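Coordinate inspection notes
Chain by chain, the residues run as shown.
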Amino acid sequence: MTRIIVGMLLLLTGLLSGCGSTQGKVAVYQNEGFEANETFSRLFDASAEATCEAARRTLLSQGYLPTTVKPDFISASKHFQPESEVHVQIAFNVVCAPEGRLGKLSTVYVNAIQDRYVLKKNPNSATVGVSAIGSVSIPLTPSEDSLVKVASETIPAGPFYDRFFALMQRNLAHHEDEQ
């Protein structure tokens, strides 16, 4: 009977210690607050087509290369090399949705994803077997270098998007003045 109780206590202790090891690890989605003040969108006093055109011009003016352009959606990217063996890419996605019955208002939803890559060197070497010594590895020059993605994240709402929306508003006003 004592062995059964001791066994059950050991089993219970093992289960509890296993549960304790997961404490402190919070799933990423648990941090999603869906806060009204952290917005990836703005309301504009213009049609969805006009706001997407302003967004396209905003991205072009900052060196982003459009990859997909539709009347209500734009995708564009820009590449950076902040260090000699580090490459960063920012991909923008813009959705322009009409608001109201007349279509004279629209909401623009934006998110930008930053991918970070590092240069991975793949050195080549040749192995030569020598009976008296064993095998000898002779390094050759690196023949293949490749970029390896090490991080990817959505840029959080804040000043980055505020600057985008401010320039977009200026482009929208300029475009309306021309018409």
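Before any of the text, the structure's been laid out above.
These remarks concern the structure in this document. Treat the numbers as computed from the prediction; the structure is a model and nothing was measured.

1. Examining the overall build of the protein
Within the protein, the secondary structure is distributed over three helices and eight strands. Ordered by position in the sequence, the α and β elements of the protein form the string α-β-α-β-β-β-β-β-β-β-α. Here the protein holds 179 residues, and 23% of them are scored as buried. Total accessible area on the protein is roughly 12,700 Å²; 57% of this is exposed by carbon and sulfur atoms.

2. Quick word on the environment of Leu147
By secondary structure assignment, the location of Leu147 is in strand E8 (residues 144-154). Residue classification places Leu147 among the partly exposed positions, given a relative accessible area of 47%. Setting aside chain neighbours within four positions, we find Leu147 in contact with His87, Tyr117, Val118 and Leu119.

3. Digging into the state of the cysteines
Applying the stated criterion across every chain yields a total of one disulfide. One disulfide bridge connects Cys52 with Cys96, the sulfur atoms lying 2.0 Å from each other. With the S-S dihedral at roughly 105 degrees, the linkage between Cys52 and Cys96 falls on the right-handed side. Of this pair, Cys52 sits in helix H2 (residues 48-61) while Cys96 sits in strand E4 (residues 86-99), placing them 44 residues apart in sequence. Each of the two residues, Cys52 as well as Cys96, counts as buried.

Rules behind the numbers
- Residues numbered from 1 in each chain as written.
- Predicted model: local features only at pLDDT ≥ 70, side-chain atom pairs only at ≥ 80, totals over all residues.
- Heavy atoms only, no water.
- Helix = DSSP H or I, 4+ residues; strand = E, 2+ residues; numbered from the N terminus.
- Buried < 20%, exposed > 50% of the residue type's maximum accessible area, 1.4 Å probe, protein only.
- Areas by Shrake-Rupley, 256 points an atom, 1.4 Å probe, with all protein chains shown as cover.
- Contact = heavy atoms within 4.5 Å.
- Disulfide = S-S within 2.5 Å.

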